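The primary structure of each chain is shown beneath.
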Amino acid sequence: MNSMKKAFILCTIILVFCVSCETTQLESFISSLGQEPVFTNGEAVSAMKEALLNGIEVASGDLSAEDGYYGNALLKIMLPPEADTLLGYINAIPGGEKLAEDVVLRLNRSAEHTASEAYPIFADAIRQMTVADGIAIVCGDDTAATEYLREKTYDQLVELYRPYIAQSLAQPLVLGISADTAWENLTGAYNRAADPVNTAAAFLGKEQPMPPVSADLAGYATGKALDGLFSVVADEEKKIRANPADYGSKIIEKVFGAVKQGLHP
């Protein structure tokens, strides 16, 4: 087939495509014929980082408000797993239910108090991320960028965030009582109630029915607080992907707007 015939066939294909397809599909088709990509990998990385920075800014603001954690059924921090045994004997503890709720309230207040510290810690981690294939991430599912951030920085963020949580747990944020003190009150009351029961069981050669309870409260609260932050960042990423033009960012609109239209390398 000579070159003139090839050119004629190509023009015919494009003409048919113009008639039968949407404009965005045509642009995608033309791009596939060797035109410049709608965005580069570098632009994809920049858009991803900007979306994550926006997400953590919103998350730290929302969660630092009163009831940011405590008032959100999905993010509310409950007692650590070590307390499961304790809760089974809550009625044996003088004022047990109130002591337990006091810990829950103060755990969440500590997380809310610390959430404002999250932005610079996350922002630094985001800016330092090196991404080999930003295009694959921005063209991934609705929370691909958030999951990438979590995978690459979670352990680092735990170490950086934990001191702030520990400091907050020690502060008397609610009625002059800290979360640490409330936890000590709860576990102390339980362990005192459990001691004679366990002693009697040991005398009879049986296992302890009410084993003593302790927990790394700072480690537990740090993990739960970060889980809440990542959850809100993921929600923000979904919103950005759904409406990229709403964010006043040229790079977000260019990259995520193109992805939304199905136009990407």
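Details of the structure are given in the entry above.
My aim in this report is to walk through the structure given alongside it, one point at a time. (Residues numbered from 1 in each chain as written. Predicted model: local features only at pLDDT ≥ 70, side-chain atom pairs only at ≥ 80, totals over all residues. Heavy atoms only, no water.)

Looking only at helices and strands, the chain has 11 helices and zero strands in total. Written out in order from the N terminus, the α and β elements of the chain read α-α-α-α-α-α-α-α-α-α-α. Sorting the 265 residues of the chain into buried and exposed places 42% on the buried side. (Helix = DSSP H or I, 4+ residues; strand = E, 2+ residues; numbered from the N terminus. Buried < 20%, exposed > 50% of the residue type's maximum accessible area, 1.4 Å probe, protein only.)

Turning our eyes to something else, we now look at the environment of Ala 215. Considering the arrangement of structural elements, one finds Ala 215 in the loop between helix H9 (179–203) and helix H10 (217–242). Residue Ala 215 is classed as partly exposed on the basis of its relative accessible area of 25%. Taking the C-alpha atoms as reference points, Ala 215 and Thr 187, 28 residues apart in sequence, are found 9.5 Å from one another. If near-sequence neighbours (up to four positions away) are discounted, Ala 215 is found in contact with Pro 80, Glu 82 and Trp 183. (Contact = heavy atoms within 4.5 Å.)

Even without glycine at this site, Asp 67 takes up a positive phi of about 70°. Within the secondary structure, Asp 67 sits in the loop between helix H3 (41–64) and helix H4 (84–88). At Leu 175, a residue that is not glycine, the phi angle is positive and equals roughly 50°. Tracing the backbone through its elements, the reader meets Leu 175 in the loop between helix H8 (144–169) and H9. In this structure Leu 175 comes out as exposed when scored by relative accessible area, which is 79%.

All right, on to the packing of helix H5 (residues 96–115) against H8 then. Each pair of packed helices gets described by two things: the angle between the helix axes and the distance between those axes. Between H5 and H8, the least distance of the axes is 9 Å, while the angle of their chain directions is 130°. As summarised for this structure, H5 and H8 are arranged oblique, according to the angle between their axes. Like other packed secondary-structure pairs, H5 and H8 cross with a definite hand, here right-handed. Contact with H5, carried on its side by Leu 107, Ser 110, Ala 111, His 113, Thr 114 and Ala 115, involves Tyr 161, Tyr 164, Ile 165, Ser 168 and Leu 169 of H8 and no other residues of that element. (Axes fitted to C-alpha atoms, helices over the stretch in contact; angles between N-to-C directions. Parallel < 35°, antiparallel > 145°, perpendicular 65-115°, else oblique. Left-handed = near helix turned anticlockwise from the far one by under 90°.)

With that out of the way, let us pick up the side chain of Ser 110. Here Ser 110 lies in helix H5. Ser 110 gets classed as buried once you look at its relative accessible area, which sits at 2%.

Here the focus is the environment of Gln 171. Along the chain, Gln 171 falls in the loop between H8 and H9. Given the relative accessible area of 28%, Gln 171 is considered partly exposed. Taking the C-alpha atoms as reference points, Gln 171 and His 113, 58 residues apart in sequence, are found 9.9 Å from one another. Not counting the four nearest positions on each side in its chain, Gln 171 is found in contact with His 113, Ile 177, Ser 178 and Ala 179.

A word on the pattern of salt bridges. The final tally for this structure, using the stated rule, is 10 salt bridges. Ionic pairing is found between Asp 216 and Arg 162, a salt bridge with its closest N-O pair at 3.0 Å. Within this pair, whereas Asp 216 is found in the loop between H9 and H10, its partner Arg 162 is found in helix H8, the two being separated by 54 residues in sequence. Residue classification places Asp 216 among the partly exposed positions, given a relative accessible area of 42%. (Salt bridge = Lys/Arg side-chain N within 4 Å of Asp/Glu carboxyl O.)

Turning to its location among the elements, Asn 198 is positioned in helix H9. In this view, Asn 198 contacts Gln 208, Pro 209, Met 210, Pro 211 and Pro 212; residues no more than four positions away in its chain are not counted.

A separate point is H8. In this model, H8 (26 residues) spans only 32 Å end to end at C-alpha, well below the 38 Å of a helix rising 1.5 Å per residue. In H8, a bend of some 65° at Thr 153 exceeds every other bend along the element. Every buried residue belonging to H8 is among Ala 144, Ala 145, Thr 146, Tyr 148, Leu 149, Thr 153, Leu 157, Val 158, Tyr 161, Ile 165, Ser 168 and Leu 169, and all of these are buried. On the buried face of H8, the contacting elements are H3, H5, helix H6 (118–128), helix H7 (134–138), H9 and H10. (Expected span 1.5 Å × (residues − 1). Bend = angle between axes of the 7 residues up to and from the residue.)

If you look at the biggest cluster of nonpolar residues, it comprises 72 residues, and the most contacted ones within it are Met 48, Phe 122, Tyr 161 and Leu 229. Elements that contribute at least two residues to this core include exactly H3, H5, H6, H7, H8, H9, H10 and helix H11 (250–260). Not counting residues up to four positions away in its chain, the partners in contact with Met 48 are Met 129, Val 131, Ile 137, Val 138, Ala 145, Tyr 148 and Phe 256. (Core = buried A, V, L, I, M, F, W, Y, C linked by side-chain atoms within 4.5 Å.)

With the rule as written, the count across this model stands at two aromatic pairs. Between Phe 122 and Phe 230, the ring centres sit 5.3 Å apart and the planes meet at 55°, which makes this aromatic pair tilted. Taken together, the residues span a long stretch of sequence, with Phe 122 in helix H6 and Phe 230 in helix H10 at a distance of 108 residues. Of the two residues, Phe 122 and Phe 230, neither departs from the other in class, the shared state being buried. The interplanar angle of 35° and the centroid separation of 6.1 Å between the aromatic rings of Tyr 154 and Phe 230 together place this pair among those described as tilted. Linking Tyr 154 in helix H8 with Phe 230 in helix H10, this pair joins segments that are 76 residues apart in sequence. On the basis of relative accessibility, which here comes to 21%, the residue Tyr 154 falls in the partly exposed class. Members of the aromatic cluster, joined through ring pairs, are Phe 122, Tyr 154 and Phe 230. Across from the ring centre of Tyr 70, 4.6 Å away, lies the NZ or CZ of Lys 76, which sits over that ring. (Phe/Tyr/Trp six-rings, centres within 6.5 Å; stacked < 30°, edge-to-face > 60°. Lys NZ or Arg CZ within 6 Å of the ring centre and 35° of its normal.)

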